Amino acid sequence: MATPVMMPKVGISVETCILTKWHKQKGDAVKAGEVLFTYETDKSTLDEAAPVDGTLLATFFAEDDVVPVMVNVAVIGNEGENIAEFAPAGEADEAPAAAPAAEAAPAAEAAPAAAAPVAEAKPREGFIAVSPRARVLAEKLGVDVRLATPTGAEGRVCENDIRTLAANGPVATKAAAGAFAGEAGTGIGGKFSTADIGKAAPAAAEAAAPAAAAPAYVDEKMPGIRKVIAKTMTTSLTTIPQLTHTTTFDATEIMGYRKKLKANAEALGLPNITVTDLIIYAVSRVLAKEEHRALNANLIDGDTMRYFTDVNIGLAVDTPRGLMVPTIVAANKMSLVEISEAAKELANACKKGDISPDKLSGASFTISNVGAFGIESFTPVINPPQTGILGVNSVMTRVREKDGQISTYQAMGLSLTYDHRALDGVPASKFLVDLKAMLENITILLAK
C-alpha cells in the first residue's frame, strides 16, 4: 500500500519549510528510519526519515522549494501502485513521466545512432531558472546548464537534471568550458576539450574570452535563518530606542570557583559547569526581584508591558547556520547543575540543527557571551519584544589600590542594552549593581 510522506509541522508558528536536499531519488529503495530529505524552517535545519520500507515512487517538490507544512512531498510504496490521489494540488506527479522513457529504452538500444541527437542539442536562449545546488554541480561536472532539461517546479533546472545531463549529454573539461557550446567532443568520455575549441562555432569562440574570465563577484541568496536574523535585527535597531551601560566586576571569586568545579567535576559527577552557567544562575536570581521586573518583560505593540512570573533566559548560541537563541524556561527555579545541563542540551540541539522551533521562543531576557573571543566591550542588540540583553565580555587584568597597596585582579566586563521605553537609566544601572554584587560573591549566592 502506498504511503504519503508529508512536510512535518515543527512548532506552532511554522507554516512553511524549505526543502533543501533529497537524500533519496525517485525509484530508490528506502527503509523505515532512513533520512529521506532535509528541510529548513526559519530557525533550524531538520531531517525527515522514511516512515515505511518500500520504493520512492514520486517526489512532488524540488530542492529549494518552499513547501507548506502538512502537504505531501513524496510517496513510498511498491512499483505500479496508483499514487495520483497523493499529489498535492498544483503539483504534477513525476512517476507517470518515467514510463515512456522506460519503454523507449529498448528502441535506443536497438539503434545506437539514436544517441547522437543528445550531443547535437543546442543551448536554450534567454533566462534559465537554475537552483543554486544545480549551478554549483554543473560547474563541478563541466556541463552547460542551458542543455539541461528542467524538471523542477516552474521549469527550474534542479540538481537531478544536471546529473542526468552529465550522464547522457555533452561534457566539457574545465580548460575548455569557456568555449563549450553543446558540441560533442573528442576528449575522454566524449568531453569537449581544448583540442575541440577550434572546431566550435564562431559565436562560441567569440564568447570564450569573457566566459573564461573569473567573475568579479558571486550573488547568493541568504539562507532562511540568516533572513530571520536580518529582519529581527533591523526591526530591533529601527524601532527600539536602545542604550547600553557597561561595567566590570571582580571575577576573582567566580573564576576560582569555576576552576574548583572543573577540577572535581568527574569525582563529584558534575557536568562541565562554565562561567556562562554561573552568570545565567546569577542573572536569573537578580531578575526575579520585583525592582528589576521591567527587564524580565516583553514590550508588546509599544504600549503593553508583559511581566513574566518566572525568568526565561534566552542564550545566544553561534551555529554553522547563524545565531540561534534557545530558551531556558524558569531558570530562576533551577539549580546550577540543572542550568548547566539545560544550556548544553539546547546549545547542542542548535548546532546539530534539530532543535524544535518552540524552544527558540518565549524568552524574557537574553544573555550573549563573547568573552572567549577576547572582546572587552560591545553593544548587544535587543531581541524584540524583550526589553533587555546582557553582553558578557572577556576577563582582563586590572590594577587597583587598596590600603595604599597596588595589586592586580581579574575583571570581567558586562554590557547591558535596555529598551528606554520600558525603563530608564537609573533602574538599568541598579540592575548592573545588584548583578555585580552577586557575581563577586557567587559562593554566598549559591549557599542560599
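Residues numbered from 1 in each chain as written. Predicted model: local features only at pLDDT ≥ 70, side-chain atom pairs only at ≥ 80, totals over all residues. Heavy atoms only, no water.

Draft legend 1. Quick look at the nonpolar core. Counting 54 residues, the largest nonpolar core has Ile279, Phe365 and Leu390 as its most contacted members. If one sorts the elements of this core by residue count, helix H8 (residues 275-287) sits on top with nine residues. The contacts of Ile279, once residues within four sequence positions are left out, are Ile254, Ile367, Leu390, Val392, Met412 and Leu439. Core analysis: the next-biggest nonpolar cluster, separate from the first, contains 27 residues, Val10, Val14, Ala50 and Ile83 among them. (Core = buried A, V, L, I, M, F, W, Y, C linked by side-chain atoms within 4.5 Å. Buried < 20%, exposed > 50% of the residue type's maximum accessible area, 1.4 Å probe, protein only. Helix = DSSP H or I, 4+ residues; strand = E, 2+ residues; numbered from the N terminus. Contact = heavy atoms within 4.5 Å.)

Draft legend 2. A look at the environment of Thr327. Mapped onto the elements of the fold, Thr327 is located in strand S15 (residues 327-328). On the basis of relative accessibility, which here comes to 7%, the residue Thr327 falls in the buried class. In sequence terms Thr327 and Ala347 are 20 residues apart; their C-alpha atoms lie 10.0 Å from each other. If sequence neighbours within four positions are ignored, Thr327 has contacts with Asn312, Ile313, Gly314, Leu346, Lys359, Leu360, Ser361, Gly362 and Ala363. A polar contact of 3.0 Å, which involves the side chain of Thr327, links it to the backbone oxygen of Ser361. (Polar contact = N/O pair within 3.5 Å; in protein donor to acceptor, adjacent residues only side chain to side chain.)

Draft legend 3. Expanded view of the packing of H8 against helix H10 (residues 425-440). Two numbers describe how H8 lies on H10: the axes approach to 10 Å, and their chain directions differ by 130 degrees. With respect to H10, the element H8 is oriented oblique. By crossing handedness, the relation of H8 to H10 is classed as right-handed. Contacts between H8 and H10 involve Leu278, Ile279, Ala282, Val283, Arg285, Val286 and Leu287 on the former and, on the latter, Phe431, Asp434, Leu435, Met438 and Leu439. (Axes fitted to C-alpha atoms, helices over the stretch in contact; angles between N-to-C directions. Parallel < 35°, antiparallel > 145°, perpendicular 65-115°, else oblique. Left-handed = near helix turned anticlockwise from the far one by under 90°.)

Draft legend 4. View of the environment of Ile83. With respect to the helices and strands, the residue Ile83 is situated in the loop between strand S8 (72-77) and helix H1 (95-110). Judged by relative accessible area, Ile83 falls into the buried class, the value being 5%. Separated by 81 residues in sequence, Ile83 and Ala2 place their C-alpha atoms 7.0 Å apart.

Draft legend 5. Quick peek at the sheet that holds strand S4 (residues 35-40). On the basis of which strands lie adjacent, the open sheet formed by four strands has the order S5-S4-S2-S7 and antiparallel pairing. If you trace the sheet from one side to the other, it starts and ends with strand S5 (45-49) and strand S7 (65-68), each paired once. Averaged over all adjacent pairs, the angle separating strand axes in this sheet is 40 degrees, with direction ignored. Bridging between strand S2 (residues 16-22) and S7 involves four bridges; their strand directions are antiparallel. Bridge pairing in S7 places Cys17 opposite Val67. (Pairing = 2+ DSSP bridges.)

Draft legend 6. Examining unusual backbone geometry more closely. Pro385 follows Pro384 through a cis peptide bond whose omega is 10 degrees. If you trace the backbone, Pro385 turns up in the loop between strand S16 (365-369) and strand S17 (388-402). Despite not being glycine, Met70 has its phi angle at roughly 65 degrees, a positive value. Among the structural elements, Met70 can be located in the loop between S7 and S8. Although it is not a glycine, Ala330 adopts a positive phi angle of roughly 55 degrees. Relative to the assigned elements, Ala330 resides in the loop between S15 and helix H9 (336-352). The buried category is assigned to Ala330, whose relative accessible area is 14%.

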